[in-house]
Amino acid sequence: MTENSGAARYAEKMKRVMDAVELRQPDRVPVAFQATFWLARYGGISYRELMYNYDKACEIARRALIEFDPDLFYPVHATTLGPLSEAIGFKQIEWPGHGVGDNQPFQYIDREYMTADEYDDFIFDPTGFYLEKYLPRIASAFEGINELPKFAGLYYHQLVANMRHFANPGLVRSLAALQKTAEEALKFAQSRIEFHAEITALGFPLTHGTITNAPFDYLGDYFRGAKGILTDMRRRPDKLLEAMEKARVLLMRHALSAAKATGNNFVFIPIHWAPDSFMSDDQFKTFWWPQFRKMLIEMIENGLIPVCLWEAVCTKRLETIADIPPGKAVYWFERTDLVRAKEVLGNIVCLRGNVSPSLMTTGTPEEVDASCRHLIETVGKDGGFILDGAFGIPDETPLENVRAMYQSVRKYNA
Amino acid sequence: MNDNEKRLVDLVADMDEDLALALAQEMLDNGDDPLRILELCREAMDIVGKRFENGEYFLPELILAGEMLDQIGGLAKPLIKHSSDKPVVALPRVLIGTVHGDLHDIGKNIVTFMLDINGFEVKDIGIDVPVAVFLEEIKAFKPQVVCLSGFLTLAFDSMKETIQAIEAAGLREGLKIQIGGGQIDETIRAFTGADGYGLNAVDAVNFSRISTGG
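Criteria and thresholds
- Residue positions are given per chain, counting from 1 as you read along its sequence in written order.
- Labels are handed out in written order, letters beginning with A for the chains and numbers beginning with 1 for the ligands.
- Note on the predicted model: pLDDT of at least 70 is required for a residue's local features to be given, and 80 or more for side-chain atom pairs to be given and counted; whole-chain, interface and lining totals, by contrast, use all residues.
- Each side-chain value is worked out from all heavy atoms of the structure, with water and hydrogens disregarded.
- In this text, helices come from DSSP runs of H or I with a minimum length of four residues, and strands from runs of E with a minimum of two, each type numbered from the N-terminal end.
- Atoms counted for the radius of gyration: C-alpha only. Globule rule: 2.2 Å times the number of residues to the power 0.38.
- Exposure categories follow from relative accessible area, calculated using a 1.4 Å probe and restricted to protein chains: below 20% of the type maximum is buried, above 50% is exposed, and the middle band is partly exposed.
- For this analysis, residues touch if any pair of their heavy atoms sits within 4.5 Å.
- The protein chains shown are the only cover counted for residues, whose accessible areas, like all others here, come from Shrake-Rupley with a 1.4 Å probe.
- Under this rule, positive means Lys or Arg and negative means Asp or Glu; His and the chain ends count for nothing.
- All charge positions are set by atom: Lys at NZ, Arg at CZ, Asp at CG, Glu at CD.
- In short, DSSP must find at least two bridges between two strands for them to pair.
- Lines fitted to C-alpha atoms define the axes here, with helix axes fitted over just the stretch in contact, and angles between the N-to-C directions of these axes take values from 0 to 180 degrees.
- The split of the chain into domains comes from an automatic or database domain assignment.
- When two parts are brought into contact, each loses some accessible area as probed by a 1.4 Å sphere; the total of that loss over both is the buried area.
- Definition used for salt bridges: Asp or Glu carboxyl oxygen within 4 Å of a side-chain nitrogen of Lys or Arg.
- Nitrogen and oxygen atoms within 3.5 Å of one another constitute a polar contact, given that in protein one can donate a hydrogen and the other can accept it, and given that sequence-neighbouring residues count only through two side-chain atoms.
- Side-chain atoms within 4.5 Å are what join buried Ala, Val, Leu, Ile, Met, Phe, Trp, Tyr and Cys residues into a set we call a nonpolar core.
- One fewer than the residue count of a helix, multiplied by 1.5 Å, yields its expected span.

So, the overall build of chain A
And then number 1: Scanning chain A from N- to C-terminus turns up 17 helices and eleven strands.
And then number 2: For chain A, the C-alpha radius of gyration of 22 Å lies close to 22 Å, the compact-globule estimate for 414 residues.
And then number 3: Its C-alpha atoms give chain A principal-axis dimensions of roughly 70 × 50 × 35 Å.
And then number 4: The proportion of buried residues among the 414 residues of chain A is 55%.
And then number 5: If you take every contact in chain A between residues at least 6 apart in sequence, the share linking residues at least 24 apart comes to 71%.
And then number 6: Accessible surface for chain A amounts to roughly 16900 Å². Of this, 54% is attributable to carbon and sulfur atoms.
And then number 7: Across chain A, the 46 positively charged side chains and the 54 negatively charged ones have centroids separated by 2 Å.

Right under this line is the structure:
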């Protein structure tokens, strides 16, 4: 890292990144650092320890940032969710120390968390559905929360009298468990706030302040499960569309308020269900893109910068997803050919990616260097490009290959 | 094929679930042979598989086709009184599982379904499958093709380890191994020592066809 004051370094990096976002030619191609459990390997600890030890995780992340000197860094607390997941009794992932081995990453459990006949409940009253059905299914601390009085519809004396429900044993247990969870959540938040302040002072911008999802992905991944959402497209398309419209409003509300609270304008949006091979072009234009596009436009109108990670291959979607205002977002492609993406989207959106995980994990530093050089010189030409891995740094990447990637932006220019 | 039979094939192939189920029920009520009904479903699945390969159908249709097959099977199978007169044809065998450390199964399930409707006898041994279980299953099931599935980058090492163990146990001869999943490419095929790799279910079917002389 060059000798430089933190504030100057921060301004220099943000300018570089914003030049790329706004499709200008930066002084050099910016590079992002998105590592999850790779940090455990780098720091010589188990994935489990990374998951449970905030201080250790911060110390390793700090060391990595100083060594690799990236222009954007991913929040390390995404991989320190062990104590909090434990406290809330989270059922949607298996994590190191809880369901998977000490050196395995956490993994999401694809299940039906909302049944097909519950669409109407969700659409009529999403909060009621969360309290009554959804929350107890996904976290044990919420078991009993469904014993709350059904507030909506209660009034006057009935409302007062129904407060007796707060003495229900299940609800008492749930509230106590949630209070304990909150204590851990405060520690977690404190650690995160302190770390981000420290790293910002050192001069490193954060990749994003908050995360959101496309309405289809939110319902598919977290409610209906893969099989559920795919059959819904055929069996109950109207319900799915109606629920997505509702979900879109709720997702936007959270994204806008969370972004405002963090003061960071980047909104990270991992995209799971857009790939070419998952649905037809017509289906994509009916069930996926219009709802998501509305979100993108609303975020952009509110001064936010959507950072969309398009997973797998989305080559056939490029013309469709080009329909956004220019210079206002980042499209990070995992396996879509970036040279092709540049042809279609080069004047519209900043591209990010995508050194392949196979190369990062099994290739030599020279091969990584050559791949980065190719991306910098072709996709980086005329600006509008941020170098990154296809999905950040794979956990198994040898250190020398990571070094090669971060050195490349200093060696080559577009 | 009579009118009802043709209509059933079309309804299933065209994703008309409610009418297909109603017609299957009506045909069974009228005394149609349940084995014939299952055969018609297979014919419809052939059409579904071809439309998927041609890019006309995608995952929603494959999943719904599988659901229809299960539901009609549920109606027809309890009514089967006699075994088929047709000689049983030995189908080429494929063993499939997600390698150890990885809990993902959406892709694996779709590949399993596509292999099944394309005339393979498929044994799916689940997710997070230890190396030793793969070895036992290969010995017992005697597949011609083994498919190793994995979504995470940790699967690269698990796949390599599984393939090396298959070799070390002397089980590789005559066996074709393909790998598949979100991060798999030619580099990883070479790294693991697999015979082939696939990016989707059609690749898996094509590899299995070629490997079994189909």
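Here the narrative resumes.
Topic: the overall build of chain B
And then number 1: Per the secondary structure count, chain B includes nine helices and five strands.
And then number 2: The linear arrangement of helices and strands in chain B, starting from the amino end, is α-α-α-α-β-α-β-α-β-α-β-α-β-α.
And then number 3: For 214 residues, the compact-globule formula gives about 17 Å, and the C-alpha radius of gyration of chain B, at 19 Å, lands near that figure.
And then number 4: Principal axes of the C-alpha set define a box for chain B whose edges measure 55 × 35 × 30 Å.
And then number 5: In chain B, buried positions account for 50% of the 214 residues.

Observations regarding the sheet that holds strand 1 (residues 93-98) of chain B
Residues and elements named next belong to chain B.
And then number 1: Spatially, 2-1-3-4-5 is the arrangement adopted by the five strands of the open sheet, whose pairing is parallel. Since the sheet does not close on itself, it has two edges, and those belong to strand 2 (121-124) and strand 5 (196-198), each with one partner. Across the sheet, the mean angle separating the axes of adjacent strands is 25° when strand polarity is ignored.
And then number 2: Pairing between strand 1 and strand 3 (residues 145-149): five bridges, direction parallel. Note on strand 3: the bridge partner recorded for L95 is V146.
And then number 3: In the packing of helix 9 (residues 201-211) onto the sheet, the strands contacted are strand 1, strand 3, strand 4 (176-180) and strand 5, and the crossing angle to strand 4 comes to about 175°.

Quick look at unusual backbone geometry
It is generally the case that most residues other than glycine have a negative phi and that most peptide bonds are trans.
And then number 1: Positioned with a positive phi, Y156 of chain A is a non-glycine residue whose angle comes to about 50°.
And then number 2: Mapped onto the secondary structure, Y156 of chain A falls in helix 8 (residues 156-161).
And then number 3: Take Y156 of chain A: its relative accessible area is 63%, and that puts it in the exposed class.
And then number 4: For K142 of chain B, which is not glycine, the phi torsion reads 50° and is therefore positive.
And then number 5: You can see K142 of chain B is positioned in the loop between helix 6 (131-141) and strand 3.
And then number 6: On the accessibility criterion, K142 of chain B (58% relative accessible area) is exposed.

A word on the domain arrangement of chain B
Residues and elements named next belong to chain B.
And then number 1: If you check the domain split of chain B, you get domain 1 (3-79) and domain 2 (93-211).
And then number 2: On a C-alpha basis, the centres of domain 1 and domain 2 stand 29 Å from each other.
And then number 3: With twelve residues of domain 1 at the interface, the matching set in domain 2 holds nine residues.
And then number 4: Of the roughly 880 Å² buried where domain 1 meets domain 2, counting both sides, 71% is carbon and sulfur surface.

Considering the interface of chain B and chain A
And then number 1: Across the contact, 31 residues belong to chain B and 31 residues belong to chain A.
And then number 2: Taken together, both faces of the contact between chain B and chain A bury some 2500 Å²; the carbon and sulfur share is 60%.
And then number 3: Ranking the residues of chain B by area buried against chain A places F58, P60 and L103 of chain B at the top, with a combined share of 22%.
And then number 4: At the surface where chain B touches chain A, the tally comes to four salt bridges.
And then number 5: Here E17 of chain B makes a salt bridge to R235 of chain A, at a shortest N to O gap of 2.5 Å.
And then number 6: Across the chain B-chain A interface, the total number found is 14 residue pairs in polar contact (both at pLDDT 80 or more).
And then number 7: Mapped onto the side of chain B that touches chain A, the elements with two or more residues apiece are helix 4 (59-76), helix 7 (154-168) and helix 8 (186-192) of chain B.

A closer look at the nonpolar core
And then number 1: Judged by nonpolar contacts, the single largest core of 158 residues is most densely connected at W288, F292, W310, Y331, F333 and L387 of chain A.
And then number 2: The element contributing the most residues to this core is helix 4 of chain B, with nine residues.
And then number 3: Per-domain counts for this core show at least three residues from each of domain 1 (3-79) and domain 2 (93-211) of chain B.
And then number 4: Discounting chain neighbours no more than four positions away, the residues touching F333 of chain A are W310, C314, L318, I321, L338, A341, L345, L351, R352, G353, N354 and A390 of chain A.

Looking at the pairing of strand 11 (residues 385-389) of chain A
Every regular strand shows the same layout, with side chains that alternate between the two sheet faces.
Residue and element names in this part refer to chain A.
And then number 1: Most of strand 11 sits out of view: five of its five residues are buried.
And then number 2: Note: strand 10 (residues 350-355) against strand 11, five bridges, orientation parallel. Its bridge partner lying in strand 11, R352 is registered against I386.

What to know about helix 5 (residues 106-117) of chain B
All names here are of chain B.
And then number 1: For helix 5, spanning twelve residues, the distance from its first C-alpha to its last is 17 Å, which sits close to the expected 16 Å at 1.5 Å a residue.
And then number 2: All buried positions along helix 5 are accounted for by K108, I110, V111, T112, F113, M114, L115 and I117.
And then number 3: Of the surrounding secondary structure, the elements contacted by the buried residues of helix 5 are helix 3 (34-53), helix 4, strand 1, strand 2, strand 3 and helix 9.
And then number 4: Trailing helix 5 by a residue or two, G119 shows a phi angle of about 90°, which is positive.

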